[in-house]
Amino acid sequence: MNQFEKLTIKSTIQHLKCKDFSCKELTEYFIKKISDNRKLNCFITETPDHALEMALNSDKKIDNNEIRAMEGIPIAMKDLFCTKNVKTTAASKILENFIPFYESTVSKKLWDSGSVMLGKSNLDEFAMGSANTTSFFGNVINPIKGKNNSDLVPGGSSGGSAAAVAAGLCLGATGSDTGGSIRQPASFCGIVGMKPTYGRCSRFGMVAFASSLDQAGTLTKNVDDSAIMLQTICGYDEKDSTSSKMDVPKFSEYEKLSLKGKKIGIPKEYLVDGLNSEIKKSWENFSEEFKKIGVEIIDISLPHTKYSLPTYYIIAPAEASANLARYDGVRYGYRHQNVDNLDDLYEISRSKGFGDEVKRRIMIGTYVLSAGYYDAYYIKALKVRRLILDDFIKAFKKCDLILTPTTPNVSFLIGEKQDDPLEMYLNDVLTVPASLAGLPAISVPAGKNKDGLPFGLQIISSHFNEALVFKAAKFIEDTNK
Ligand code: GLN
């Protein structure tokens, strides 16, 4: 086995400090591994030259003993984060050739802390999807194979990031989560996906899908790496009016917390129809495991859960339809040629530039915002969103954390559910509520089904309580070994 194969972010930092190998050697290994695994289609743009330049810079920093938090750590950047002078497509034809002249805050923070950019990872177009099959650049393949060696989806929308981490093509990756896009692919690929509290990470320079829900986060091999990487991307940013001024604690110190005497709530509404029996069993088993270490497991109710999905699929498309109005064929990306007038330019550029799922969302969003329907759909959805948040606020008076499955099922075949948007949307039924409430939530691997396919459990806390989420996730990780 190659010496680099088993590395984590945490162990690599130590090895680099001890000069067991150089960042350049490490980066060259990943560049080669990415090119050997192109069939997985994890990357839209590979950036080997950037990576080597950054790696050499990190080697210099290490020589000078100026080691930053993620010095020399090769990562993948979801192609939703604007990277200066590096193509940023959001997996859409409409942004096929968009080269930003500025850097997103999240990516800037990662480069400032020494991370090395291996490339821009694939995603569902504008982060709309749950299988990474809506990308203009083709679907991503989950490195974990199904029955008879079949190709499965990695989940979405951060499917390229999740598959790249699971396949060992990078040590960590950024993701964005609007309704589950970090947690669901993490669950399908057997890795850790963390969505922090809404407002923890700046949205500046992140291509907008639904601004009141979008939140950056991390995909990593384990919980420790998640805490290290999340640390570097959090913090107030004056360029994002919704970014939070709350202090960011040192997440790695989660280990000092104790779970003894804490209460974990099990919401009965998450026992949804069609919940896979092996996932259900694991959910029950881990409740028992928590009891053994002195955690009190209590039954809770989040009564408005059943409205989460319809609420999300009104609010998210409404915001998307407004956010995506800027792609008009004039200012960005794809522009249809040989048109007779301005209206045709808009119409043809947009209808040729966007894929079907994105168009579906724009139409739903435009509809729910239109005169006559605005109150009936959009305003009502906002009210229900508030009730969903209130459910959580009440629950967190009784418990410290909430434990649920991440997804009702394991990964599925590429192409499955593709013709049935409702079936696809059901993937998000367990992740969407925490998004609507802006709560931190993690997916941590909790087992495999009889065919060897992984699934995760989700831990949700009250706002800004990420450290406790890490603590409980680490317990699941350790117990699952
Ligand atoms: N799958 C969900 C959707 O398609 C969530 C996407 C996301 O979190 N970006 O909207």
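Quick note: structure is the one above.
Values in this document were obtained by computation on a predicted structure and should not be read as measured data.

Rules behind the numbers
- Residues numbered from 1 in each chain as written.
- Predicted model: local features only at pLDDT ≥ 70, side-chain atom pairs only at ≥ 80, totals over all residues.
- Heavy atoms only, no water.
- Near = heavy atom within 4 Å.
- Polar contact = N/O pair within 3.5 Å; in protein donor to acceptor, adjacent residues only side chain to side chain.
- Areas by Shrake-Rupley, 256 points an atom, 1.4 Å probe, with all protein chains shown as cover.
- Pairing = 2+ DSSP bridges.
- Helix = DSSP H or I, 4+ residues; strand = E, 2+ residues; numbered from the N terminus.
- Axes fitted to C-alpha atoms, helices over the stretch in contact; angles between N-to-C directions.
- Contact = heavy atoms within 4.5 Å.
- Phe/Tyr/Trp six-rings, centres within 6.5 Å; stacked < 30°, edge-to-face > 60°.
- Buried < 20%, exposed > 50% of the residue type's maximum accessible area, 1.4 Å probe, protein only.
- Lys NZ or Arg CZ within 6 Å of the ring centre and 35° of its normal.

Engineer: Would you explain the site of the ligand in this entry?
Structural biologist: Around the ligand, the surrounding shell holds 15 residues, and the nearest of these are Thr 178, Gly 179, Ser 181, Tyr 312 and Arg 361. With respect to the ligand, the backbone of Thr 178 contributes an N or O atom lying 2.7 Å from an oxygen atom. Taking Ser 181, its side chain carries an N or O atom lying 2.7 Å from a nitrogen atom of the ligand. Relative to its free-state accessible area of 290 Å², the ligand is covered by the protein chains to the extent of 100%.

Engineer: What is the right way to look at the sheet that holds strand 4 (residues 172-177) in this model?
Structural biologist: Strands belonging to one sheet form pairs held by backbone hydrogen bonds; the direction of such a pair is parallel or antiparallel. The strand order across the open sheet built from 11 strands is 1-3-2-4-6-5-10-11-9-7-8, with neighbouring strands paired in mixed fashion. Bordering the open sheet on either side are strand 1 (43-46) and strand 8 (296-300), each of which pairs with just one other strand. Strand-to-strand, the axes of this sheet are offset by a mean angle of 30 degrees, without reference to chain direction. Set on the sheet, helix 3 (residues 48-63) makes contact with strand 1 and strand 3 (116-121); between it and strand 3 the angle comes to about 155 degrees. Packed onto the sheet, helix 12 (residues 374-398) meets strand 7 (263-267), strand 8, strand 9 (401-405) and strand 11 (454-461) and runs at close to 115 degrees relative to strand 9.

Engineer: In this structure, what is going on with the packing of aromatic side chains? I would like to understand it.
Structural biologist: In the structure shown here, the tally under the stated rule is 22 aromatic pairs. Ring plane angle 80 degrees and centroid distance 4.8 Å describe the contact between Tyr 312 and Tyr 313, whose orientation is recorded as edge-to-face. Across this residue pair, the class does not change: Tyr 312 and Tyr 313 are buried. Among the aromatic residues, ring-to-ring pairing joins Phe 98, Phe 126, Tyr 327, Tyr 332 and Phe 354 into one connected group. Across the ring face of Phe 204, the terminal group of Lys 239 is positioned such that the distance to the ring centre comes to 4.9 Å. Seen from the ring of Tyr 236, Lys 245 lies directly overhead, with NZ or CZ sitting 5.0 Å from the centre.

Interpretation in functional terms is not warranted from these geometric data alone.
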